[in-house]
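Residues per chain are reported as follows:
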Amino acid sequence: QVQVVESGGGLVQPGGSLRLSCTASGTIYKIYTMGWYRQGHGSQRDLVAAITIDGNEHYADSVKGRFTISADSAKNTMYLQMNNLKPEDTDVYFCHVDLGTARDNWGQGTQVTVSS
């Protein structure tokens, strides 16, 4: 059993910053990829940022230059530093952990609200 827990969401003014954290615990052999998604407008969650086991990073165009993803492998923890937040960033942010198994490992989500 693997547990994925996000934290760090909240209410922030436009231009402000938040740092999200995601920690995976339980039976973990290796984490191949960790990523942040947000609900978006459709039925499929939208990728915001991801980091692979070898440190490669990917960002959605809408957040490039503003968000930075990082990971602490020893702690099985991933961070998303979000700077210069915009109202359109408002969403529920989900952490996904790829453990090389068939099961999808998602956190419950953390709410980010950007508003004046």
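This text goes with the structure placed above it.
This structure is a prediction, so every number in the text was calculated from the model and none was measured.

**Concerning the pattern of salt bridges**
Step number 1: The final tally for this structure, using the stated rule, is 3 salt bridges.
Step number 2: When the shortest N-O distance is used, the salt bridge between Asp89 and Arg38 registers 3.2 Å. Of the two residues, Asp89 is situated in the loop between strand 8 (77-82) and strand 9 (91-98) and Arg38 in strand 4 (residues 33-38); the sequence distance between them amounts to 51 residues. Across this residue pair, the class does not change: Asp89 and Arg38 are buried.
Step number 3: Salt-bridge contacts for Asp61 lead to Lys64; the nearest nitrogen and oxygen are separated by 3.1 Å.
Step number 4: For Asp61, a relative accessible area of 65% puts it in the exposed group.
Step number 5: Bridged by salt links that share partners, the residues Arg38, Arg66 and Asp89 form one connected network.

**Details of the layout of surface pockets**
Step number 1: Approximately 250 Å³ is the volume attributed to the largest pocket.
Step number 2: Residue lining of the largest pocket: 17 residues in total, with Ile31, Met34, Ile53, Ala71 and Ser73 positioned closest to the centre.
Step number 3: Elements with a contribution of two residues or more to the lining of the largest pocket: strand 4, strand 5 (46-52) and strand 7 (67-72).
Step number 4: Of the residues belonging to the lining of the largest pocket, the class tally is 8 nonpolar, 6 polar and 3 charged.

**A few points about a nonpolar patch on the surface**
Step number 1: Together, Tyr29, Tyr32 and Ile53 make up a nonpolar patch on the protein surface, roughly 390 Å² of accessible area in all.
Step number 2: In this fold, Tyr29 is placed in the loop between strand 3 (18-26) and strand 4.
Step number 3: Residue Tyr29 is classed as exposed on the basis of its relative accessible area, which comes to 75%.

**A short note on the state of the cysteines**
Step number 1: As enumerated under the stated definition, the model contains 1 disulfide in all.
Step number 2: Each disulfide pairs two cysteine sulfurs, and for Cys22 the partner residue is Cys95, the sulfurs being separated by 1.9 Å. Between Cys22 and Cys95 the disulfide shows an S-S torsion of about -75°. By sign, it is left-handed. Separated by 73 residues along the polypeptide, Cys22 in strand 3 and Cys95 in strand 9 bring together distant segments of the chain. Here Cys22 matches Cys95 in class, with each residue buried.

**Side note on the sheet that holds strand 8**
Step number 1: The strand order 1-3-8-7 describes an open sheet built from 4 strands, whose pairing is antiparallel. Each end of this open sheet is capped by a strand with a single partner; those strands are strand 1 (2-7) and strand 7. Averaged over neighbouring strand pairs, the angle between their axes works out to 15° when direction is ignored.
Step number 2: With 6 bridges connecting them, strand 1 and strand 3 associate as antiparallel partners. When the bridges of strand 3 are listed, Val4 appears paired with Ala24.

Conventions used here
Residues numbered from 1 in each chain as written. Predicted model: local features only at pLDDT ≥ 70, side-chain atom pairs only at ≥ 80, totals over all residues. Heavy atoms only, no water. Salt bridge = Lys/Arg side-chain N within 4 Å of Asp/Glu carboxyl O. Helix = DSSP H or I, 4+ residues; strand = E, 2+ residues; numbered from the N terminus. Buried < 20%, exposed > 50% of the residue type's maximum accessible area, 1.4 Å probe, protein only. 1 Å grid on protein atoms, 1.4 Å probe; cavity = no way out; pocket = protein on both sides within 12 Å on 5 of 7 lines; lining within 4 Å. Points joined across faces, edges and corners; volume = space filled by probe spheres on them. Nonpolar A, V, L, I, M, F, W, Y, C, P; charged D, E, K, R; others polar. Patch = residues over 30% accessible without salt bridge, like charges linked within 9 Å, V, L, I, M, F, W, Y side chains within 5 Å. Areas by Shrake-Rupley, 256 points an atom, 1.4 Å probe, with all protein chains shown as cover. Disulfide = S-S within 2.5 Å. Pairing = 2+ DSSP bridges. Axes fitted to C-alpha atoms, helices over the stretch in contact; angles between N-to-C directions.

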